[in-house]
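Inside the fold
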Amino acid sequence: GRFAAPRTTEAPGALVRSQKHRDPAPKVPDADAKALADGNHAFACSLYHELAGGEGNLVFSPLSISTAMAMAYAGARGRTAEQLADVLHFDLPPERLHPAFNSICLALQPPQGADEKTVKLTMLNALWAQKGGHYVESFLDTLAANYGAGMHELDIAGNPQGACKAINRWIKEATGGRIAELVPTGGMDGVALAITDAVYFRGYWNYQFDEKDTHDGPFHRLGDGPVTVSMMHQTHSFDYGEGDGYQAVSLPYYLERQAMVVVLPQ
(Lines give C-alpha, C1' and ligand atoms only; values in the text may rest on other atoms or scores of the structure.)
Protein backbone atom coordinates (compact mmCIF):
# COMPACT_ATOMS: atom_id res chain seq x y z
CA GLY A 1 0.00 0.00 0.00
CA ARG A 2 0.95 3.64 -0.34
CA PHE A 3 0.47 6.55 2.01
CA ALA A 4 -0.55 9.79 0.32
CA ALA A 5 1.02 12.80 1.94
CA PRO A 6 -1.53 15.54 2.60
CA ARG A 7 -1.45 18.63 0.40
CA THR A 8 -1.23 21.52 2.77
CA THR A 9 -0.53 25.24 2.76
CA GLU A 10 0.28 25.29 6.48
CA ALA A 11 3.57 26.44 7.92
CA PRO A 12 6.67 24.73 6.47
CA GLY A 13 7.89 21.58 8.13
CA ALA A 14 4.64 19.57 8.12
CA LEU A 15 5.38 16.04 9.35
CA VAL A 16 4.11 12.98 7.50
CA ARG A 17 4.48 9.87 9.63
CA SER A 18 3.02 6.48 10.39
CA GLN A 19 0.51 5.95 13.17
CA LYS A 20 2.87 3.40 14.71
CA HIS A 21 4.54 4.26 18.00
CA ARG A 22 8.25 3.86 18.59
CA ASP A 23 9.15 0.49 20.08
CA PRO A 24 10.38 1.38 23.60
CA ALA A 25 12.04 -2.00 24.23
CA PRO A 26 13.18 -3.68 21.01
CA LYS A 27 14.24 -7.31 21.39
CA VAL A 28 17.70 -7.34 19.84
CA PRO A 29 19.93 -10.43 20.16
CA ASP A 30 23.42 -9.81 21.51
CA ALA A 31 24.90 -10.96 18.21
CA ASP A 32 22.92 -8.30 16.32
CA ALA A 33 23.96 -5.58 18.77
CA LYS A 34 27.60 -6.59 18.35
CA ALA A 35 27.30 -6.71 14.56
CA LEU A 36 25.90 -3.18 14.51
CA ALA A 37 28.59 -1.91 16.91
CA ASP A 38 31.34 -3.53 14.83
CA GLY A 39 29.91 -2.07 11.63
CA ASN A 40 29.58 1.40 13.15
CA HIS A 41 33.17 1.16 14.39
CA ALA A 42 34.43 0.20 10.92
CA PHE A 43 32.50 3.08 9.35
CA ALA A 44 33.84 5.52 11.96
CA CYS A 45 37.44 4.55 11.21
CA SER A 46 36.91 4.69 7.44
CA LEU A 47 35.24 8.10 7.67
CA TYR A 48 37.96 9.45 9.93
CA HIS A 49 40.65 8.51 7.43
CA GLU A 50 38.68 10.29 4.70
CA LEU A 51 38.27 13.48 6.75
CA ALA A 52 41.48 13.65 8.77
CA GLY A 53 43.61 15.14 6.02
CA GLY A 54 41.77 18.46 5.98
CA GLU A 55 42.79 21.75 7.51
CA GLY A 56 42.14 22.65 11.13
CA ASN A 57 40.46 20.65 13.88
CA LEU A 58 37.91 17.94 13.22
CA VAL A 59 34.88 17.02 15.30
CA PHE A 60 32.28 14.56 14.03
CA SER A 61 29.81 11.98 15.31
CA PRO A 62 29.97 8.69 13.39
CA LEU A 63 27.00 7.15 15.21
CA SER A 64 24.64 10.00 14.45
CA ILE A 65 25.72 9.99 10.80
CA SER A 66 25.14 6.23 10.61
CA THR A 67 21.73 6.65 12.22
CA ALA A 68 20.68 9.42 9.86
CA MET A 69 21.80 7.41 6.84
CA ALA A 70 20.05 4.31 8.19
CA MET A 71 16.79 6.26 8.03
CA ALA A 72 17.43 6.98 4.34
CA TYR A 73 18.56 3.38 3.81
CA ALA A 74 15.11 2.26 5.00
CA GLY A 75 13.69 3.77 1.82
CA ALA A 76 16.43 2.65 -0.56
CA ARG A 77 16.32 -0.29 -2.93
CA GLY A 78 18.51 -1.92 -5.57
CA ARG A 79 21.96 -0.54 -6.28
CA THR A 80 21.44 2.49 -4.00
CA ALA A 81 20.71 0.21 -1.04
CA GLU A 82 23.74 -1.93 -1.85
CA GLN A 83 26.06 1.08 -1.97
CA LEU A 84 24.74 2.51 1.29
CA ALA A 85 25.12 -0.82 3.07
CA ASP A 86 28.65 -1.23 1.73
CA VAL A 87 29.91 2.23 2.73
CA LEU A 88 28.14 2.28 6.10
CA HIS A 89 29.06 -1.33 6.94
CA PHE A 90 25.45 -2.39 7.43
CA ASP A 91 25.93 -6.16 7.70
CA LEU A 92 22.51 -7.00 9.15
CA PRO A 93 19.37 -7.43 7.02
CA PRO A 94 17.01 -4.42 7.25
CA GLU A 95 14.47 -6.18 9.46
CA ARG A 96 17.22 -6.65 12.09
CA LEU A 97 19.30 -3.56 11.41
CA HIS A 98 16.67 -0.94 12.25
CA PRO A 99 15.62 -2.48 15.62
CA ALA A 100 19.33 -2.65 16.51
CA PHE A 101 19.70 1.07 15.78
CA ASN A 102 16.61 1.73 17.89
CA SER A 103 18.12 -0.24 20.76
CA ILE A 104 21.48 1.56 20.74
CA CYS A 105 19.87 5.01 20.48
CA LEU A 106 17.50 4.24 23.37
CA ALA A 107 20.46 3.03 25.46
CA LEU A 108 22.05 6.47 25.11
CA GLN A 109 19.08 8.21 26.70
CA PRO A 110 19.29 9.23 30.38
CA PRO A 111 17.72 6.77 32.85
CA GLN A 112 14.36 7.55 34.43
CA GLY A 113 14.61 10.07 37.25
CA ALA A 114 18.05 11.30 36.18
CA ASP A 115 19.18 14.57 37.71
CA GLU A 116 20.44 17.64 35.86
CA LYS A 117 24.07 16.48 35.88
CA THR A 118 23.30 13.34 33.90
CA VAL A 119 24.77 13.38 30.40
CA LYS A 120 22.36 14.67 27.78
CA LEU A 121 22.99 13.38 24.27
CA THR A 122 20.49 14.26 21.55
CA MET A 123 20.86 13.21 17.93
CA LEU A 124 18.72 15.43 15.73
CA ASN A 125 18.36 13.33 12.59
CA ALA A 126 15.64 14.18 10.09
CA LEU A 127 14.61 13.66 6.47
CA TRP A 128 13.26 16.62 4.49
CA ALA A 129 11.45 16.29 1.16
CA GLN A 130 9.33 18.25 -1.29
CA LYS A 131 5.76 18.56 -0.05
CA GLY A 132 3.06 16.64 -1.86
CA GLY A 133 5.05 13.43 -2.21
CA HIS A 134 3.89 9.85 -1.80
CA TYR A 135 5.59 7.46 0.60
CA VAL A 136 5.44 3.68 0.85
CA GLU A 137 3.62 2.83 4.05
CA SER A 138 6.21 0.27 5.19
CA PHE A 139 8.92 2.97 4.95
CA LEU A 140 6.98 5.32 7.22
CA ASP A 141 6.31 2.40 9.60
CA THR A 142 10.05 1.69 9.84
CA LEU A 143 10.86 5.33 10.58
CA ALA A 144 8.19 5.59 13.27
CA ALA A 145 8.79 2.24 15.01
CA ASN A 146 12.59 2.41 15.10
CA TYR A 147 13.51 6.09 15.01
CA GLY A 148 10.39 7.88 16.25
CA ALA A 149 10.51 9.88 13.03
CA GLY A 150 8.65 10.74 9.87
CA MET A 151 9.14 12.78 6.71
CA HIS A 152 9.35 16.55 7.08
CA GLU A 153 7.75 18.25 4.09
CA LEU A 154 8.76 21.67 2.78
CA ASP A 155 8.19 23.60 -0.43
CA ILE A 156 11.83 23.12 -1.41
CA ALA A 157 11.29 23.66 -5.15
CA GLY A 158 9.16 26.78 -4.76
CA ASN A 159 10.99 28.36 -1.85
CA PRO A 160 14.43 26.84 -1.22
CA GLN A 161 15.51 29.77 0.96
CA GLY A 162 12.40 29.31 3.09
CA ALA A 163 13.28 25.62 3.39
CA CYS A 164 16.75 26.57 4.69
CA LYS A 165 15.22 28.86 7.29
CA ALA A 166 12.67 26.23 8.37
CA ILE A 167 15.34 23.57 8.92
CA ASN A 168 17.65 25.97 10.76
CA ARG A 169 14.78 27.14 12.96
CA TRP A 170 13.94 23.53 13.88
CA ILE A 171 17.58 22.76 14.74
CA LYS A 172 18.00 25.98 16.71
CA GLU A 173 14.93 25.31 18.85
CA ALA A 174 15.94 21.69 19.46
CA THR A 175 19.45 22.68 20.62
CA GLY A 176 18.43 25.60 22.79
CA GLY A 177 19.97 28.06 20.34
CA ARG A 178 23.41 26.45 20.32
CA ILE A 179 23.25 25.41 16.66
CA ALA A 180 21.81 28.38 14.81
CA GLU A 181 22.62 27.60 11.18
CA LEU A 182 23.05 24.02 10.03
CA VAL A 183 22.06 24.65 6.39
CA PRO A 184 23.89 27.54 4.67
CA THR A 185 22.23 30.02 2.32
CA GLY A 186 21.60 28.25 -0.99
CA GLY A 187 22.01 24.86 0.63
CA MET A 188 18.59 23.63 -0.52
CA ASP A 189 18.80 24.82 -4.14
CA GLY A 190 17.98 21.93 -6.47
CA VAL A 191 17.58 19.47 -3.59
CA ALA A 192 15.03 16.64 -3.76
CA LEU A 193 15.78 15.04 -0.39
CA ALA A 194 17.83 16.44 2.48
CA ILE A 195 19.20 14.45 5.40
CA THR A 196 20.13 16.61 8.38
CA ASP A 197 22.23 15.45 11.29
CA ALA A 198 23.09 17.50 14.36
CA VAL A 199 24.27 16.46 17.80
CA TYR A 200 23.70 18.14 21.14
CA PHE A 201 25.89 16.93 24.01
CA ARG A 202 26.14 18.18 27.57
CA GLY A 203 28.11 16.38 30.23
CA TYR A 204 29.51 16.97 33.71
CA TRP A 205 32.70 15.26 34.80
CA ASN A 206 32.29 12.53 37.39
CA TYR A 207 35.42 13.94 39.03
CA GLN A 208 35.26 17.71 38.67
CA PHE A 209 38.33 19.79 37.90
CA ASP A 210 39.06 22.54 40.41
CA GLU A 211 39.38 25.96 38.77
CA LYS A 212 42.20 26.81 41.19
CA ASP A 213 44.28 24.08 39.54
CA THR A 214 44.01 25.59 36.06
CA HIS A 215 47.10 27.40 34.79
CA ASP A 216 48.76 28.18 31.49
CA GLY A 217 51.01 25.67 29.78
CA PRO A 218 52.37 24.76 26.31
CA PHE A 219 50.20 22.72 23.96
CA HIS A 220 52.29 21.14 21.20
CA ARG A 221 50.66 21.22 17.75
CA LEU A 222 51.76 19.00 14.91
CA GLY A 223 53.96 21.00 12.57
CA ASP A 224 53.04 24.40 14.06
CA GLY A 225 55.01 24.51 17.29
CA PRO A 226 53.62 25.05 20.80
CA VAL A 227 50.87 27.45 21.76
CA THR A 228 50.05 28.62 25.30
CA VAL A 229 46.63 27.54 26.58
CA SER A 230 44.88 27.11 29.93
CA MET A 231 45.48 23.58 31.25
CA MET A 232 43.19 21.83 33.75
CA HIS A 233 44.84 19.58 36.33
CA GLN A 234 43.73 16.96 38.82
CA THR A 235 45.11 13.84 40.46
CA HIS A 236 42.86 10.79 40.53
CA SER A 237 42.77 7.12 39.59
CA PHE A 238 41.54 6.75 35.99
CA ASP A 239 41.49 3.92 33.50
CA TYR A 240 44.74 4.15 31.55
CA GLY A 241 46.35 2.26 28.69
CA GLU A 242 49.36 2.48 26.44
CA GLY A 243 50.64 0.70 23.37
CA ASP A 244 53.00 1.07 20.44
CA GLY A 245 53.20 4.81 19.88
CA TYR A 246 50.37 6.04 22.09
CA GLN A 247 49.02 6.62 25.59
CA ALA A 248 45.30 6.78 26.46
CA VAL A 249 43.19 7.75 29.45
CA SER A 250 39.45 7.53 30.06
CA LEU A 251 37.76 10.44 31.88
CA PRO A 252 34.25 9.42 32.99
CA TYR A 253 31.26 11.70 32.95
CA TYR A 254 28.72 11.89 35.77
CA LEU A 255 27.50 8.43 36.89
CA GLU A 256 30.18 6.84 34.65
CA ARG A 257 27.76 5.75 31.91
CA GLN A 258 29.83 7.65 29.33
CA ALA A 259 33.45 8.76 29.16
CA MET A 260 35.85 10.88 27.16
CA VAL A 261 38.78 8.79 25.95
CA VAL A 262 41.88 10.86 25.18
CA VAL A 263 44.50 9.24 22.94
CA LEU A 264 47.92 10.89 22.86
CA PRO A 265 50.35 9.85 20.10
CA GLN A 266 54.01 9.88 21.04
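Look up: the structure comes first, before these words.
Residues numbered from 1 in each chain as written. Predicted model: local features only at pLDDT ≥ 70, side-chain atom pairs only at ≥ 80, totals over all residues. Heavy atoms only, no water.

This next bit is on the overall build of the chain. Scanning the chain for helices and strands turns up 6 helices and 11 strands. Viewed in the frame of its principal axes, the chain has a C-alpha envelope of about 60 × 45 × 40 Å. Of the contacts made within the chain by residues no fewer than 6 positions apart, 62% connect residues no fewer than 24 positions apart. (Helix = DSSP H or I, 4+ residues; strand = E, 2+ residues; numbered from the N terminus. Contact = heavy atoms within 4.5 Å.)

What follows covers the layout of surface pockets. In this structure, the second largest pocket encloses a volume near 350 Å³. Taken together, 19 residues make up the lining of the second largest pocket; nearest its centre are Arg22, Met123, Asn125, Tyr147 and Gly148. Within the residue set of the lining of the second largest pocket, elements represented by two or more residues are α2 (62-73), α4 (94-107) and β3 (120-130). By residue number, the principal contributor to the lining of the second largest pocket is β3, which donates 5 residues. (1 Å grid on protein atoms, 1.4 Å probe; cavity = no way out; pocket = protein on both sides within 12 Å on 5 of 7 lines; lining within 4 Å. Points joined across faces, edges and corners; volume = space filled by probe spheres on them.)

What follows concerns the sheet that holds strand β6 (residues 193-202). Strand order across the open sheet formed by 4 strands is β2-β5-β3-β6, with mixed pairing between neighbours. For this open sheet the edge positions go to β2 (14-16) and β6, each flanked by a neighbour on one side alone. Within the sheet, the average angular offset between the axes of one strand and its neighbour, ignoring direction, is 35°. Relative to strand β5 (residues 151-154), β3 is paired through 4 bridges, and the arrangement is parallel. Its bridge partner being in β5, Gln130 is matched across the sheet by Leu154. (Pairing = 2+ DSSP bridges. Axes fitted to C-alpha atoms, helices over the stretch in contact; angles between N-to-C directions.)

Position of Ala37 relative to the elements: it lies in helix α1 (residues 30-51). Here Ala37 falls in the partly exposed class, since its relative accessible area comes to 38%. (Buried < 20%, exposed > 50% of the residue type's maximum accessible area, 1.4 Å probe, protein only.)

The geometry of α2 relative to α4 is characterised by a closest axis approach of 11 Å and an angle of 145° between their N-to-C directions. Remark: the crossing between α2 and α4 carries left-handed chirality. When α2 is examined against α4, the residues Leu63, Ser66, Thr67, Ala70 and Tyr73 are found in contact with a partner set consisting of Pro94, Leu97, His98, Phe101, Ile104 and Cys105. (Left-handed = near helix turned anticlockwise from the far one by under 90°.)

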